[in-house]
Amino acid sequence: MKKTVQLYEGKAKKVFETDTDSIVIVSYKDDATALDGLKKGTITGKGAINNRMSNFLMQLLEKEGIPTHFVEELSDRETAVKKVSIVPLEVIVRNVAAGHFAQRYGVEEGIVFDEPTIEFSYKNDDLHDPLLNSYHAVALKLADKSEIQHIKSMAFRINDILKEFFKSKNVKLVDFKMEFGRLPDGSIVLADEISPDTCRFWDLETNEKLDKDRFRRDMGGVEGAYEEMYRRVFG
Ligand code: TMP
Ligand code: ASP
């Protein structure tokens, strides 16, 4: 597979066309942003860690029957994935109160929910990714009703699989963000990435943060947290 023209450059990844129509190559960067892009920085080694971790998790999910965009890991930072049209929704599943949930509803971080929650944001930088419900998503024609239902059930199933996997690595999966894409035949697959950029990972015993919150909150030890997550998953 050969890279041809760059299609797109996002905050954390670049996407290239290839000599195969249905396949694109994703290249993970060490760049990090937070606070709606206001805060910018570099997390050395992040690109390679996110690439390898996301690929590993996508393959784990595939084995459990979840379709994903994953095709082949090409190098430390580069992966071939199926070309999809991204459903412009950020799908967030939460097991524990943290981040915007804790802020928005005025509760302490760390409260464990009886049941996981799901929420959607409209993936639109100009509007700052506003929260919306499934009726809004249908009204805006971001997805139809049956697609939303399918996305919800996939998201909860993915949460069950990942929660159990991370528990075996002594990690609490607090919450995470998913994006889904449509293949040319209209079927929906898990896309984007699953990594310490897009998940909250806390140590199972101490609740130490092992994810991008260390960057978002200027806590220090950012690279160390990514490396620790890599060790726990692969070590
Ligand atoms: P939140 O509490 O800030 O809404 O974040 C929930 C989860 O979603 C958390 O694991 C981080 C992830 N996330 C992203 O991947 N991208 C984003 O732009 C935001 C705001 C959150
Ligand atoms: N990456 C997102 C941004 O730059 C937010 C985040 O991950 O916190 O706004």
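In case you missed it, the structure is sitting above this.
Basis of the calculations
- Residues numbered from 1 in each chain as written.
- Chains lettered and ligands numbered in written order.
- Predicted model: local features only at pLDDT ≥ 70, side-chain atom pairs only at ≥ 80, totals over all residues.
- Heavy atoms only, no water.
- Helix = DSSP H or I, 4+ residues; strand = E, 2+ residues; numbered from the N terminus.
- Rg over C-alpha atoms; globule rule 2.2 N^0.38 Å.
- Buried < 20%, exposed > 50% of the residue type's maximum accessible area, 1.4 Å probe, protein only.
- Contact = heavy atoms within 4.5 Å.
- Areas by Shrake-Rupley, 256 points an atom, 1.4 Å probe, with all protein chains shown as cover.
- Lys, Arg positive; Asp, Glu negative; His and termini not counted.
- Charge placed at Lys NZ, Arg CZ, Asp CG, Glu CD.
- Core = buried A, V, L, I, M, F, W, Y, C linked by side-chain atoms within 4.5 Å.
- Near = heavy atom within 4 Å.
- Polar contact = N/O pair within 3.5 Å; in protein donor to acceptor, adjacent residues only side chain to side chain.
- Nonpolar A, V, L, I, M, F, W, Y, C, P; charged D, E, K, R; others polar.
- Axes fitted to C-alpha atoms, helices over the stretch in contact; angles between N-to-C directions.
- Parallel < 35°, antiparallel > 145°, perpendicular 65-115°, else oblique.
- Left-handed = near helix turned anticlockwise from the far one by under 90°.
- Pairing = 2+ DSSP bridges.
- Phe/Tyr/Trp six-rings, centres within 6.5 Å; stacked < 30°, edge-to-face > 60°.
- Lys NZ or Arg CZ within 6 Å of the ring centre and 35° of its normal.

Participant: I'd love a proper account of the overall build of the chain, names of residues and values included.
Facilitator: When helices and strands are counted, the chain shows six helices and 14 strands. Whereas a compact globule of 235 residues would reach a radius of gyration of roughly 18 Å, the chain reaches 17 Å, a difference of no more than 12%. With the C-alpha coordinates aligned to their principal axes, the bounding extent of the chain is approximately 50 × 40 × 35 Å. Looking at the chain residue by residue over its 235 residues, the buried ones come to 50%. Excluding contacts between residues fewer than 6 apart, the proportion of contacts in the chain whose partners are at least 24 apart in sequence is 56%. Carbon and sulfur atoms form 50% of the exposed surface of the chain, whose accessible area is close to 11,500 Å². The centroid of the 35 positive side-chain charges in the chain is displaced by 1 Å from the centroid of its 41 negative side-chain charges.

Participant: Kindly report on the nonpolar core, identifying the contributing residues and their values.
Facilitator: Of all hydrophobic cores here, the largest spans 46 residues; its most connected members are Leu89, Ile158, Leu162, Phe166, Met178, Phe180 and Phe201. With nine residues, helix α4 (residues 145-167) is the single largest residue contributor to this core. Sequence-distant contacts of Met178, that is, excluding residues within four places in its chain, are made with Leu89, Glu90, Val91, Val93, Ala155, Ile158 and Leu190. Val15, Val24, Tyr28 and Val81 belong to the second-largest nonpolar core, a separate cluster that totals five residues.

Participant: Give me the site of ligand 2: which residues, what numbers.
Facilitator: By nearness alone, every residue bordering ligand 2 is listed as Lys11, Thr33, Ala34, Leu35, Asp36, Gly37, Lys212 and Arg216. With respect to ligand 2, the side chain of Thr33 contributes an N or O atom lying 2.3 Å from an oxygen atom. Contact between ligand 2 and Arg216: an oxygen atom at 2.6 Å from a side-chain N or O atom of the residue. Tallied by class, the residues present in the shell around ligand 2 amount to two nonpolar, two polar and four charged.

Participant: Now, about the packing of helix α1 (residues 46-63) against helix α6 (residues 222-234): what can you tell me, with residues and values included?
Facilitator: Between α1 and α6, whose axes approach to 10 Å, the crossing angle comes to 30°. Classed by the angle they form, the pair α1 and α6 counts as roughly parallel. Crossing handedness for the pair α1 and α6: left-handed. Contact residues: Lys46, Ile49, Asn50, Arg52, Met53 and Phe56 in α1; Tyr226, Glu227, Met229, Tyr230, Val233 and Phe234 in α6. Residues that form the contact of α1 with α6 fall into these classes: eight nonpolar, one polar and three charged.

Participant: Outline the site of ligand 1, listing residues and values.
Facilitator: Taken together, 14 residues sit near ligand 1, with Arg94, His100, Asp175, Lys177 and Arg200 positioned nearest. Here an oxygen atom of ligand 1 and a side-chain polar atom of Arg94 are 2.8 Å apart. Burial of ligand 1 by the surrounding chains reaches 82%, relative to a free accessible area of 450 Å². Sorting the residues of the shell around ligand 1 by element identifies β9 (89-96), α2 (99-105), β12 (171-182) and β14 (199-203) as the ones contributing at least two each. Of the residues contributing to the shell around ligand 1, the split by class is four nonpolar, three polar and seven charged.

Participant: Talk me through the sheet that holds strand β1 (residues 3-9); I want residue IDs and the actual numbers.
Facilitator: Across the sheet, five strands lie side by side as β1-β2-β3-β7-β6; this open sheet has antiparallel pairing. Strand pairing shows two members of the sheet lacking a second neighbour, β1 and β6 (70-73), which therefore form its edges. Taking each pair of neighbouring strands and ignoring which way they run, the sheet shows an average axis angle of 30°. Bridge count between strand β3 (residues 23-28) and strand β7 (residues 78-82): five bridges; the pairing is antiparallel. Each bridged residue has a counterpart across the sheet, and for Ile23 the counterpart in β7 is Lys82.

Participant: Any chance you could break down the packing of aromatic side chains for me, citing the residues and the numbers?
Facilitator: Applying the stated criterion across every chain, the model contains seven aromatic pairs. When the ring of Phe56 is compared with that of Phe234, the centres are 5.2 Å apart and the planes differ by 65°; the resulting orientation is edge-to-face. Remark: Phe234 occurs in helix α6 and Phe56 occurs in helix α1; sequence separation between them is 178 residues. For Phe234, a relative accessible area of 28% puts it in the partly exposed group. The structure contains a cluster of three or more aromatic residues connected by ring pairs, namely Phe56, Phe165, Phe166, Phe201, Tyr230 and Phe234. The positively charged end of Lys3 is found above the aromatic ring belonging to Phe16, 4.6 Å away from the centroid.

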